[in-house]
Amino acid sequence: MMDYKGHKCAACHKLLTEHDDIVICPECGAPYHRECYAKEGRCVFSEKHKSGFEYVPPEAKPDVNSGADCPICPACHAQNPPDTLFCEHCGQPLPPSFGPQMNAGPAGPQYNPQFNQTPSGADFQYAQANVMNQLHLAKEYDGISTTDWMEYIGNSAPYYLYQFQTMNETGKKTSFCWSAVLLPEFYFFYRKMWGWGALAALVMILISIPSMLSMLAMLGVPLALPLSASALSAMNTAAMVLNWGLRICAGLFAFHLYRKSAAKQILAIRARHDGDEAGYRTELHRRSGPSRVSVVVICAALIIFSLILSYVLGPQLAAVYF
């Protein structure tokens, strides 16, 4: 019988120990805590059983019970393998490990054989030679190497690739991104998703109109659209519900949409430099990382548009301020 000590429960993703009550899916062999399997009511891979799917556990992590070497996630309290950068359950950044993470090489102790480079400055977080193994990453996603993804995404690459890997393992397109929930239009523009950013900005402006009309009515400003107080209240309530519904949808699909958008842009760069590796690398680096400038531009544009909309909806609004 296979020893599952050190592997992850397929449901909660916490490491299995010799003291756990472990059950195995009879169809594919995936391991679970008994209570996790009972809570799920089925194997999480049940949809794949018809295709002959068989669970292949990753290599067991050493020293899974040594507390100092196995960081505990501060958010979900899941135990993680040694030297893991992000929680394998919820993706929360973990406290840094003080153990050795560098492999010696021709450039000294900071040489990174995984990417054949010597990191410095902002790239230092990618210096771990086994970062791909730490996060259980595949060699490529959507036909693009993990190295190219890390170059294009920028400083948040480990967390985004962790989300991509989770999507591949579960077959789901949903995860959760708080940035996209709180500020969807800014998140999309920050991540260079221009079409989605413009759509989110337009939708958020339209949704804010009932709230703006209510504010103008409270200030006693004559409205260009004659509406009763009850109509304004109903519109405002509907807009609030729609607002949060769209925000939650943006948060659930943000990583999936970013993956599709970024893959399209990376492949377009590759196509423009077919056979020219140096040119491809140069443009990939130039277009990498998020866009802070676009956030400033969209912020200014929204403010200007809101002022114009306020004037159109309430022609006497200027009298309140001047």
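Everything in this summary refers to the structure shown in the same document. These numbers were taken from a predicted model, which means no experiment stands behind them.

Conventions adopted
Residues numbered from 1 in each chain as written. Predicted model: local features only at pLDDT ≥ 70, side-chain atom pairs only at ≥ 80, totals over all residues. Heavy atoms only, no water. Disulfide = S-S within 2.5 Å. Buried < 20%, exposed > 50% of the residue type's maximum accessible area, 1.4 Å probe, protein only. Helix = DSSP H or I, 4+ residues; strand = E, 2+ residues; numbered from the N terminus. Contact = heavy atoms within 4.5 Å. Axes fitted to C-alpha atoms, helices over the stretch in contact; angles between N-to-C directions. Left-handed = near helix turned anticlockwise from the far one by under 90°. Nonpolar A, V, L, I, M, F, W, Y, C, P; charged D, E, K, R; others polar. Phe/Tyr/Trp six-rings, centres within 6.5 Å; stacked < 30°, edge-to-face > 60°.

Okay, the state of the cysteines next. Using the criterion set out here, one finds zero disulfides in the structure. Cysteine 36 provides the cysteine sulfur closest to cysteine 12, a residue in no disulfide bond, and the two sulfurs are 3.8 Å apart. For cysteine 12, a relative accessible area of 15% gives the class buried.

Turning our attention to the environment of valine 181. Relative to the helices and strands, valine 181 is located in helix α5 (residues 178–182). Here valine 181 falls in the buried class, since its relative accessible area comes to 3%. Through-space distance from the C-alpha of valine 181 to that of alanine 250 is 6.1 Å; in sequence the pair is 69 residues apart. Every residue in contact with valine 181, bar those within four places of it in the chain, is listed here: Phe176, Trp244, Arg247 and Gly251.

This brings us to the packing of helix α8 (residues 229–272) against helix α9 (residues 277–286). Where α8 contacts α9, the axes come no closer than 9 Å and their chain directions differ by 145°. In this structure, α8 crosses over α9, and the sense of that crossing is right-handed. Each of Ile266, Ile269, Arg270 and Arg272 in α8 lies in contact with α9, whose residues at this interface are Tyr280, Glu283 and Leu284. Grouping the constituent residues of the contact of α8 with α9 by class yields four nonpolar, no polar and three charged.

Now for the packing of aromatic side chains. A complete count under the given rule lists 11 aromatic pairs for this structure. Between tyrosine 32 and tyrosine 37 the ring centres are 5.1 Å apart and the planes differ by 65°, which places this aromatic pair in the edge-to-face class. Residue tyrosine 37 is classed as partly exposed on the basis of its relative accessible area of 26%. Look at tyrosine 159 and phenylalanine 255: their rings are 5.7 Å apart centre to centre, the planes differ by 80°, and that puts the pair in the edge-to-face class. Of the two residues, tyrosine 159 is situated in helix α4 (residues 157–170) and phenylalanine 255 in helix α8; the sequence distance between them amounts to 96 residues. Residue tyrosine 159 shares its accessibility class with phenylalanine 255, and that shared class is buried. One aromatic cluster is present, formed by Tyr159, Tyr160, Phe255 and Tyr258 through successive ring pairs.

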